[in-house]
Amino acid sequence: MLSENRSLVQCLGLLLVVTFLIRRLRQWQRLRHIPGPPLAGFSRLFWLVPMARSGDLPGWMRVAEQKYGRIVRVGPNMLMTTDWKLWRRIMSARSRYVRAERFKGFRLDPTKDHVLSLTDEREHSRLRTIMIHGYSGKEVEGVEEKVDHEVLSLVDLLESRYISQNKIFDFGRKAQYFTTDVVAHITFGRPLGFLATDSDVYNYISIIEKQLPVIGMMLNYPGFVKLLNWPIFNRLLPKAEDESGMGKLMGLAKEAAAERFGPNKKVQKDMLGSFVARGLTQDEVEAEIPLQLLAGSDTTATAIRTTVLLVTTNPRVLRKLQAEIDSVAPYPKDQVIRDETAKALPYLNAVVKEGLRWAPPGVDLSAKVVPPGGDEWEGVVLPAGAEIGWNATGLMRVPELFGDDADHFRPERWTDPNTSPEKRKDMETAGDLVFGVGSRYQCLGRTIALMEIRKAIFELYRRYEFEVIHPDKPWLSRCWNVYEQHEFWVKAYTRDSASTA
Ligand code: HEM
């Protein structure tokens, strides 16, 4: 009897293994016509997971692209592309592609979605329609003044603590203090004090940096997000009662949301005011605030840090940028360039675009699902249900689009009078993909981010000369889905010129 039972269990076990192998083989078969790393088609463990753990997403993606071409198979059901026309088509408003489950990995609370983690396209579109008014700045008072306030806090900090005392500083951290205070100021109505205290308030940045690799894994195994609801794991998650990290910000978000609802609700013409007036619920407001900080601080800080490194180490670019800056200065030190003026400076804008192109700050695959009936692109069959994401850095370095020197930082490529209008249009359209595209998938914070970057770069180079302390290893830069960049030691000197009155 006992041996009969054992044989039955063995048979069942064997059946399970065989079923599993057949399913894997079928899955492998479906996308076998698309080249990719040899074992990637059998399991996420062979390419997607090592990539997520590597801390060098752009490096992994670029090696795959250089070896296998513009559409690469990187997982059992995952493709990756550097073809900007294909990616734009997938992301466009009329496309039938939808967000992959992967986006669930962006949840900060495993029980709650926010606009970036929603995979239900109708819900996603409802939230975007509400929130776009607040983000566009049309219903919000004083966005530019809030950004200016933080630009001045940044220069105050650099001058009082470092320049006047001839000290070096980690510009990686200062840039992130700046961008986090900007988003907090626009969202909560006040900065959180990163710049004022010159510190990582609530250990927010260091705790988030530790969580970035975990978020990277969650994106590849979105099913695990549900497991986090189990009591055994639930205790480990950030809570609104925490005194530090994301939990603390969730607590602040709860308080800020509570003020806007109920009989004594505060009515203000700020971003939260716009969200509430347009119909966001208290629960939804609570979920959106921490996301804003997460989506808006690392990304914009990366753009500013990268641009400062590239401009500082390219004397030709530095000279041209400072000449343009000086053409609209001098004006008093306690004033910040108006965005209207900054937007009209061709070289400044070329520098900003080139920094974003050279290292796109959001590097996640951002995968979308091929619609029912499948699709075809330049002869390549894309079966229904397959997922396809982009290789952001690879796409921004395609030589046919950006030139043979696409790997170099050369802002002039955006202003070259010899470029045909058609080519210029293609470059602009492809370059703007760093912010996503269209009414469904464009970054909601794009306008704010560009204003911040323009103002920060202008005001830093109007006032200072920078020196990179360790040119052989300028910073510690790791990329999970966004970058973690610090130990970027620099020294700044006040410019001896007419650029400040
Ligand atoms: C250089 C800076 C930034 C870059 C490169 C960037 C990039 C992106 C990209 C590519 C997406 C689309 C993801 C997708 O659906 O596939 C996105 C979404 C988003 N971004 Fe940004 N972002 C930046 C700054 C900001 C800032 C400053 C904020 C907030 C103030 C922000 C808030 C958001 C939000 C809320 C979403 C979700 C939109 C949605 O799901 O519909 N971002 N961002």
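Remember, it's a predicted structure, so these values are computed and weren't measured experimentally.

A. Representation of the overall build of the chain in the model. If you tally the helices and strands in the chain, you get 22 helices and 12 strands. Expected size for 501 residues packed as a compact globule is a radius of gyration near 23 Å; at 24 Å, the chain falls within 12% of this value. In the chain, buried positions account for 44% of the 501 residues. In the chain, of all internal contacts separated by at least 6 residues, the share reaching a separation of at least 24 is 73%.

B. Molecular detail of the sheet that holds strand 3 (residues 98-99). Taken together, 5 strands build an open sheet; the order of strands is 1-2-8-5-3 and the sheet is mixed. If you trace the sheet from one side to the other, it starts and ends with strand 1 (71-75) and strand 3, each paired once.

C. Inspection of the UniProt feature "binding site: heme" (unreviewed entry) in the chain at higher detail. Here the UniProt feature "binding site: heme" (unreviewed entry) sits at Cys443. Mapped onto the elements of the fold, cysteine 443 is located in the loop between helix 21 (438-441) and helix 22 (446-463). Other than its neighbours up to four places away in sequence, cysteine 443 contacts Phe435 and Gly436.

D. Structural context of the site of the ligand. With respect to spatial proximity, 23 residues lie near the ligand, and among them Gly296, Thr299, Gly436, Cys443 and Gly445 are the closest. For the shell around the ligand, the elements supplying multiple residues, two or more each, are helix 14 (282-312) and helix 22. Among the elements that make up the shell around the ligand, the one with the highest residue count is helix 14 (7 residues).

E. Structural detail: the nonpolar core. Counting residues in each nonpolar core, the largest one holds 134 residues, and the members touching the most others are Val74, Leu79, Met80 and Ile457. Considering each element in turn, this core owes the most residues, 11 residues, to helix 14.

F. Focus on the packing of helix 9 (residues 204-220) against helix 12 (residues 245-259). Interaxial distance between helix 9 and helix 12 falls to 7 Å at its minimum, and their mutual angle equals 120°. By the angle between their axes, helix 9 is oblique relative to helix 12. Contacts between helix 9 and helix 12 involve Tyr204, Ile207 and Ile208 from the first element and Gly245, Met246 and Leu249 from the second. Class assignment of the residues belonging to the contact of helix 9 with helix 12 gives a composition of 5 nonpolar, 1 polar and no charged.

G. How the structure looks around helix 14. For helix 14, with 31 residues, the first-to-last C-alpha span of 45 Å sits near the 45 Å given by 1.5 Å per residue. Buried residues dominate helix 14, accounting for 26 of its 31 residues.

H. Main features of the sheet that holds strand 12 (residues 489-494). Pairing is antiparallel in the open sheet, where 3 strands are placed in the order 4-12-9. Across the chains shown, the open sheet's two edge strands, defined by having one partner strand only, are strand 4 (169-170) and strand 9 (464-468). The pairing of strand 9 with strand 12 spans 5 bridges and is antiparallel. Directly across from valine 468, in strand 12, lies its bridge partner valine 490.

I. Local environment of helix 6 (residues 143-163). Helix length check: helix 6, at 21 residues, gives a terminal C-alpha distance of 29 Å against a target of 30 Å (1.5 Å per residue), a fit within 8%. For helix 6, the full list of buried residues reads Val143, Lys146, Val147, Asp148, Glu150, Val151, Ser153, Leu154, Val155, Leu157 and Leu158. Tucked into the core, helix 6 has its buried residues touching helix 7 (171-188), helix 8 (194-197), helix 22 and strand 12.

J. Examining the environment of tyrosine 135 more closely. As for its placement among the helices and strands, tyrosine 135 is situated in helix 5 (residues 121-136). Residues within four places of tyrosine 135 in sequence aside, it is in contact with Leu444 and Gly445.

K. Fine view of the pairing of strand 10 (residues 476-479). Burial along strand 10 is one-sided: the face carrying Ser477 and Cys479 is buried and the face carrying Leu476 and Arg478 is not. Bridge count between strand 10 and strand 11 (residues 483-486): 4 bridges; the pairing is antiparallel. Bridging from a neighbouring strand, serine 477 pairs with glutamine 485 of strand 11. Taking the residues between adjacent antiparallel strands as the criterion, strand 10 and strand 11 are bridged by 3 residues.

L. Fine view of the packing of helix 15 (residues 315-328) against helix 17 (residues 346-358). Closest axis-to-axis distance for the helix 15/helix 17 pair is 8 Å, and the angle between their directions is 135°. Taken together, the axes of helix 15 and helix 17 lie oblique to each other. Residue-level contacts link Val317, Lys320, Leu321 and Glu324 of helix 15 to Tyr347, Leu348 and Val351 of helix 17. Residues of the contact of helix 15 with helix 17, tallied by class, amount to 5 nonpolar, no polar and 2 charged.

M. Molecular detail of unusual backbone geometry. Here the bond from alanine 329 into proline 330 is cis, since omega is 5°, no more than 30 degrees from zero. Relative to the assigned elements, proline 330 resides in the loop between helix 15 and helix 16 (339-343). Phi at aspartate 198 is positive, roughly 50°, even though this residue is not glycine. For aspartate 198, the position within the fold is in the loop between helix 8 and helix 9. Phi at glutamate 487 is positive, roughly 55°, even though this residue is not glycine. Counting through the fold element by element, glutamate 487 comes out in the loop between strand 11 and strand 12.

N. Up close: the pairing of strand 8 (residues 387-390). Burial of the side chains of strand 8 extends over both faces: Glu387 and Gly389 are buried on one face and Ile388 and Trp390 on the other. Bridge count for strand 2 (residues 78-81) against strand 8 is 4 bridges, and the pairing is parallel. Residue pairing across strands places leucine 79 opposite isoleucine 388, the latter belonging to strand 8. Both strand 5 (residues 368-369) and strand 8 contribute to a ladder of 2 bridges, which runs antiparallel. Opposite valine 369, over in strand 8, you have glutamate 387 as the bridge partner.

O. Representation of the environment of glycine 403 within the structure. Along the chain, glycine 403 falls in the loop between helix 19 (399-402) and helix 20 (421-431). For the pair glycine 403 and arginine 413, spaced 10 residues apart in the sequence, the C-alpha separation amounts to 8.2 Å.

P. Main features of the environment of glutamine 27. With respect to the helices, strands and loops of the structure, glutamine 27 is situated in helix 1 (residues 2-30). Using a count of 17 C-beta atoms within 10 Å as the deciding quantity, one classes glutamine 27 as partly exposed. Between the alpha carbons of glutamine 27 and phenylalanine 42 there is a distance of 7.9 Å; along the sequence they are 15 residues apart. In contact with glutamine 27, not counting residues within four places along its chain, are Pro76 and Asn77.

Here is what the cut-offs are and how they apply
Residues numbered from 1 in each chain as written. Predicted model: local features only at pLDDT ≥ 70, side-chain atom pairs only at ≥ 80, totals over all residues. Helix = DSSP H or I, 4+ residues; strand = E, 2+ residues; numbered from the N terminus. Rg over C-alpha atoms; globule rule 2.2 N^0.38 Å. Buried ≥ 20, exposed ≤ 12 C-beta atoms within 10 Å, placed from the backbone. Contact = placed C-beta atoms within 7 Å. Pairing = 2+ DSSP bridges. UniProt positions renumbered as here; feature names shortened; annotations may be inferred. Near = placed C-beta within 6 Å. Core = buried A, V, L, I, M, F, W, Y, C linked by C-beta atoms within 7 Å. Axes fitted to C-alpha atoms, helices over the stretch in contact; angles between N-to-C directions. Parallel < 35°, antiparallel > 145°, perpendicular 65-115°, else oblique. Nonpolar A, V, L, I, M, F, W, Y, C, P; charged D, E, K, R; others polar. Expected span 1.5 Å × (residues − 1).

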